[in-house]
Amino acid sequence: MLLLVFLAALLPLFGLSLGYATLHEPYRPVFKRHSVKLGRGWPNLSIVHISDLHVRRGDQRLLRAQMAAMRGLTPDLVCVTGDICEKVADIDLVIDLLQQATPKLGTFIVLGNHEHNAPAPHSLREQEKHGWRRLLHLVLHLVAPQVRSDGDEEGHAMAEALQNAGFTVLHNAGVRVTAADQSLWIAGCDSAWAGHADMLAAMNGRNPQEPCLALIHEPDMAFEAHEEGADLILAGHTHGGQVRFPFVGAPYTLRMDPRIQIAAGFQRIGAGLLHITAGLGHTIPLRFLCPPEVEWLECSAA
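Residues numbered from 1 in each chain as written. Predicted model: local features only at pLDDT ≥ 70, side-chain atom pairs only at ≥ 80, totals over all residues. Heavy atoms only, no water.

*Asks:* Got a minute to help me understand the overall build of the protein chain in this structure?
*Replies:* Of the regular secondary structure elements, the protein chain holds nine helices and 12 strands. For 302 residues, the compact-globule formula gives about 19 Å, and the C-alpha radius of gyration of the protein chain, at 19 Å, lands near that figure. Oriented by its inertia axes, the alpha-carbon framework of the protein chain measures out at about 70 × 40 × 40 Å. Of the roughly 13,800 Å² that the protein chain leaves accessible, carbon and sulfur atoms contribute 59%. Charged side chains of the protein chain number 24 positive and 31 negative; the gap between the two group centres comes to 8 Å. (Helix = DSSP H or I, 4+ residues; strand = E, 2+ residues; numbered from the N terminus. Rg over C-alpha atoms; globule rule 2.2 N^0.38 Å. Areas by Shrake-Rupley, 256 points an atom, 1.4 Å probe, with all protein chains shown as cover. Lys, Arg positive; Asp, Glu negative; His and termini not counted. Charge placed at Lys NZ, Arg CZ, Asp CG, Glu CD.)

Written out as structure tokens, the structure reads:
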């Protein structure tokens, strides 16, 4: 009897929490500013890091919130680490969103698994067949939007449209920028889940000992990026788990490599530094204690 009374008392709290997690937090991006100390030779520059925009015409409320979060930002670089949208028909919305910021040195983008409509790796699909993960997978499949990219060809069409709009999309390629009279190599790696990642190619052209910023989608590529010379590695993909519980953290993320110890935030990778953002969008409007975010990284040499 006491158990029934206790459960009945929890129902209103559960209802309020669910309403907050579905109707409020997914549409309230937060702005975070970090001071990042890197190795000798790193130029002093600011980076706005965003990821996992998942822009789609059917969710105007999310798009308005994203545009408000980006409006008026003037960093040195804007870096977008994948999963920008599902369909090339929505790329004009992505362009409008990215044009809300005016970076001094440009906007640099890598594609994620969603642009390619890449399936999850086999090991993750096997995990989703058992226990609570199986139930969660079934629920998420039911509520997730069914609109998907047609594959690599559509992903490349998105990239071409972004290039034509004046942004730099890095398909396993790098580019050199100069800030405060110091050069910086920006290496962009395509999606590992799509089977297209080639970090070595992204480093082709970098001078030995030149400071290097690597853009990846899946955080698991961070170790290879550091081995190839990256000092600062920016990633997305995890959405921070979208749901975090006090003292427990995020029960479900898309991390594959057990060496990745965080769902979002900073982690040392050898002498390098990995930053994973919780993302600025969602496919499923559910976030609890893990709001969407825009992150400003103020970088300088230690």
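Moving on from the model shown.
*Asks:* Got a minute to help me understand the sheet that holds strand β5 (residues 168-169) in this structure?
*Replies:* Paired through backbone hydrogen bonds, the strands of a sheet run either parallel or antiparallel to each other. With mixed pairing, the six strands of this open sheet are ordered in space as β1-β12-β2-β3-β4-β5. Where the open sheet ends on each side, the last strands, each with one partner, are β1 (30-38) and β5. Here strand β2 (residues 45-50) pairs with strand β3 (residues 77-81) via four bridges, running parallel. By the bridge assignment, H49 is partnered in β3 with C79. (Pairing = 2+ DSSP bridges.)

*Asks:* Mind showing me how you'd approach the packing of aromatic side chains here?
*Replies:* Two descriptors summarise a pair of aromatic rings, namely the distance from one centre to the other and the angle between the planes of the rings. Within the structure shown, the criterion is met by three aromatic pairs. Members of the aromatic cluster, each reached through a chain of ring pairs, are Y20, F245 and F288. The side chain of R259 reaches across the aromatic face of F223, ending 3.7 Å from its centre. (Phe/Tyr/Trp six-rings, centres within 6.5 Å; stacked < 30°, edge-to-face > 60°. Lys NZ or Arg CZ within 6 Å of the ring centre and 35° of its normal.)

*Asks:* Honestly, the sheet that holds strand β11 (residues 272-276) in this entry has me stumped. Any pointers?
*Replies:* One open sheet accounts for six strands, arranged β6-β7-β8-β9-β11-β10; its pairing is mixed. A strand with exactly one partner marks an edge of an open sheet, and here the two such strands are β6 (173-179) and β10 (265-269). Direction aside, the axes of adjacent strands within the sheet are offset by 20 degrees on average. Summarising the sheet, strand β8 (residues 212-215) and strand β9 (residues 232-235) pair through three bridges and their orientation is parallel. Across the sheet, the residue bridging to L213 is L232, located in β9. (Axes fitted to C-alpha atoms, helices over the stretch in contact; angles between N-to-C directions.)

*Asks:* Just to check I follow, could you spell out helix α7 (residues 152-164) for this structure?
*Replies:* Residues separated by three or four positions in an α-helix point in the same direction, a consequence of the helix having 3.6 residues per turn. Taking 1.5 Å of rise per residue, the 13 residues of α7 would be expected to cover 18 Å, and the 18 Å separating its terminal C-alpha atoms lies within 8% of that figure. E154, G155, M158, A159 and L162 are the residues of α7 that are buried. Down the axis of α7, the sector holding all buried residues measures 145 degrees, keeping them to one side. For α7, exposure combined with an orientation more than 90 degrees from the buried face picks out E153, E160 and N164. Summarising the contacts, the buried residues of α7 are in contact with α3 (91-98), β4 (107-110), α4 (113-116) and β5. Looking one or two residues beyond α7, the residue adopting positive phi is G166, at roughly 105 degrees. (Expected span 1.5 Å × (residues − 1). Buried < 20%, exposed > 50% of the residue type's maximum accessible area, 1.4 Å probe, protein only. Arc of directions from axis to C-beta. Contact = heavy atoms within 4.5 Å.)

*Asks:* Would you explain the pairing of β11 in this entry?
*Replies:* The side chains of a regular strand alternate between the sheet's two faces. Here β11 lies mainly inside the structure; five of its five residues are buried. A two-sided burial pattern is seen for β11, the buried positions comprising G272, L274 and I276 on one face and L273 and H275 on the other. Both β9 and β11 contribute to a ladder of four bridges, which runs parallel. Along β11, the bridge assignment pairs L232 with L273. In this sheet, β11 lies alongside β10 in antiparallel orientation, the contact comprising five bridges. Of the residues in β11, the one forming a bridge with Q267 is L274. What sits between β10 and β11 in their antiparallel hairpin is a turn of two residues, with G270 showing a positive phi close to 60 degrees.

*Asks:* Is there a simple way to explain unusual backbone geometry in this structure?
*Replies:* Glycine aside, residues mostly have negative phi angles, and peptide bonds mostly take the trans form. Look at D181: it is not a glycine, yet its phi comes out positive at around 65 degrees. We note that L289 has phi near 55 degrees; this positive angle belongs to a residue other than glycine. Within the secondary structure, L289 is located in the loop between β11 and β12 (293-301). Among the residues examined, L289 registers a relative accessible area of 40% and is labelled partly exposed.

*Asks:* Which parts of the structure should I look at to understand the nonpolar core?
*Replies:* Soluble globular proteins: nonpolar side chains tend toward being buried together. Formed by 29 residues in total, the largest nonpolar core has its most connected members in I50, L53, M70, I84, L98 and L162. Of all elements in the fold, only β2, α2 (60-70), β3, α3, α7 and β12 reach the threshold of two or more residues within this core. Discounting residues that sit within four places of it in the chain, L53 has contacts with L62, Q66, V80, G82, D83, I84, L97, L98, L280, G281 and H282. (Core = buried A, V, L, I, M, F, W, Y, C linked by side-chain atoms within 4.5 Å.)

*Asks:* What is the right way to look at the packing of α2 against α3 in this model?
*Replies:* The relative placement of two packed helices is expressed as an angle between their axes plus a distance between the axes. Relative to each other, α2 and α3 sit at 30 degrees, their axes nearing to 9 Å. Judged by the inter-axis angle, α2 sits roughly parallel to α3. For the pair formed by α2 and α3, the contact residues are L63, Q66, M67 and M70 on the first element and L93, D96 and L97 on the second. Of the residues in the contact of α2 with α3, the class split is five nonpolar, one polar and one charged. (Parallel < 35°, antiparallel > 145°, perpendicular 65-115°, else oblique. Nonpolar A, V, L, I, M, F, W, Y, C, P; charged D, E, K, R; others polar.)

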